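Per-entry structural report
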Amino acid sequence: MKILFVAIIMLLTVPCAYCQIANGDVNCDGLRDIDDVVYMITYIFAQGPAPCVPPEPISIIVVSGDGQIGTTGEPLEEPFVVQVLDSSLTPIAGVPVVWSVIEGNGGFIGAETFSDGDGLCFAEYVVGNSLQIEIVGAHEFGQFIPSCEFSVSVPSPTNAMSFSGGRKRITVPDKAEFDFTQGITVEMWVLIEGLVATDNTLIGQEYSGDLAFKIDFRTYRIRAYKWSPYSGAVLSAETPIGVWFHVAFTYDSSGGVLYIDGIPQALCGFNGGIGNSQSPLILGDRISLVEAFEGNMDEVRLWNYARSQQDIQSGMSVELSGTEDGLVLYYRFNQWSGQDVVDMVTGSSTGYLGSSPEVDVNDPEFVHSTAPVSP
Ligand SMILES: [Ca+2]
Ligand SMILES: [Ca+2]
Ligand SMILES: [Ca+2]
C-alpha cells in the first residue's frame, strides 16, 4: 500500500520524461488510466518493461469522406478516413486517434482508434437529424483540438414530431381553409408510447364546449367524432403501443369512417355537418382539458372532403407534393428544428410548437422518423 502511494505521488509530482513523451499513456494502449500507474510501478519497482516512447505525429490529414450528402438515420456511403504523418511526411502506425461529433447529433457505428500500417484510420458515421451541416473531427490522442474536420450536409431530414415528456402540442391558428362543413379527412401516422390521460388526444379543434372533430384513444378504444350534434366512429380494440400505425377519419353527408392502416374499422351515421370552429387546431392535447398524447406523429394531413378508401390506401405510405386538391394542411415534419412548423400546402409555417411561438414547456421536438413512408 505504501509503495503504491509513493508511486502515485511520484507519477503525479515528479517530472517524468516518459510521461511527457507519452502524454501519460506510458503503456501506449491509447488510454490514460490506472493501467499506466501499474505499468510505472512495475517498471520502477519490479524491473518491468520500460515505458514506450511513441513516435511523435505532426499531423492528421483528411484522406477521404469529407463533403458527403447524408440521409437522417442512415450510414454515410463512405467512411471518414484520416492519415497520421510524422515530420518527414511518413505514415505512422499505432497512433491513437480520437473521433468526435463537433456539431450535430449523428453517431459512429464503427471507429478505429489506432492508425494502421499505412497511417490510416477509418470511421463509419450515421447521420443525425438536428442540423443541415454536421461536423465531425479527428485528433491524435494527445491533442484535444481536432486536427481535421469532415462536414456532412443533410439536405432534408427524415423527421417526425415527438410529443413525449408531458403535455406537448402543436398549435395551428384557424384560417378560412379550415372549414369542414362539407366534409373532412384527417389522417396521420402515429406511434403511441403509452397512455397518460383518460382520453389521449391526437388532433382536434374546439367547438361549442367540445371539439368540432377529434381523434383520441384509450387502452381499448380508438375513436373519431364530430361534435354538436355528436356522431362518432369507435373501434373497441386494444390500442397498439410502440408500433407505427396509420389512422384516418372521414366524414361527410354519407357518414363517418374510422380507418386503421387503410382498412375501415368503425362507422358512424351522418348527424349534421362539422361545425366551423374559429379555435386553433391542436395536435397532441386539448386547450382546456388534460388530454395529452405521448408518442410520435408523422405525415399529418387535413382535407376538406371525405376521401375514399382507395385514396387513403394509395396515399398513406408515400409523401405527397402538397398541391393535391382539397388538401388544406400537410405536416411532413422534415425540418431540423425551430418553432415554426412548415405546412407543405403553403410552403411556409402555419403553426408553431407548444402554446406560444416562443420556446415554452409545451414544445414537442423533432426526432428521426421511422414511420413506413417513402419520399
Ligand atoms: Ca375554421
Ligand atoms: Ca416526416
Ligand atoms: Ca413554443
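Since this is a predicted model, take the numbers as computed values, not measurements.

The rules behind these values
- Residues numbered from 1 in each chain as written.
- Chains lettered and ligands numbered in written order.
- Predicted model: local features only at pLDDT ≥ 70, side-chain atom pairs only at ≥ 80, totals over all residues.
- Pairing = 2+ DSSP bridges.
- Helix = DSSP H or I, 4+ residues; strand = E, 2+ residues; numbered from the N terminus.
- Axes fitted to C-alpha atoms, helices over the stretch in contact; angles between N-to-C directions.
- Domains from an automatic or database assignment.
- Core = buried A, V, L, I, M, F, W, Y, C linked by C-beta atoms within 7 Å.
- Buried ≥ 20, exposed ≤ 12 C-beta atoms within 10 Å, placed from the backbone.
- Contact = placed C-beta atoms within 7 Å.

1. A word on the sheet that holds strand β8 (residues 148-153)
The sheet built from 4 strands is open, its strands ordered β2-β8-β7-β4 with mixed pairing. Each edge of the sheet is formed by a strand with only one pairing partner; in this case those strands are β2 (68-69) and β4 (97-103). Bridging between β2 and β8 involves 2 bridges; their strand directions are parallel. Across the sheet, the residue bridging to I69 is S153, located in β8.

2. What to know about the sheet that holds strand β6 (residues 120-126)
Strands pair in a sheet through their backbones, by hydrogen bonds, and they do so in one of two ways: parallel or antiparallel. Strands sit in the order β1-β3-β6-β5 across an open sheet of 4 strands; the sheet is antiparallel. Since the sheet does not close on itself, it has two edges, and those belong to β1 (59-64) and β5 (107-111), each with one partner. In this sheet, adjacent strand axes meet at a mean angle of 30° when their direction is disregarded. Strand direction decides the pairing type here: β5 and β6, joined by 4 bridges, are antiparallel. Of the residues in β6, the one forming a bridge with A111 is A123.

3. What about the domain arrangement of the protein chain?
You can read the domains of the protein chain as domain 1 (2-45), domain 2 (59-153) and domain 3 (160-368). Here domain 1 and domain 3 have C-alpha centroids that lie 63 Å from each other.

4. As for the nonpolar core
Counting residues in hydrophobic clusters, the biggest one holds 62 residues, and the most contacted among them are I184, V186, V190, F249, L258 and M297. Examining the composition of this core, we find that 7 residues originate from one element, strand β11 (residues 184-194), more than from any other. In contact with L258, other than residues within four places in its own chain, are I222, A224, A233, L235, F249, Q265 and A266. In this structure, V82, V84, C121 and V127 belong to the second largest nonpolar core, which totals 18 residues.

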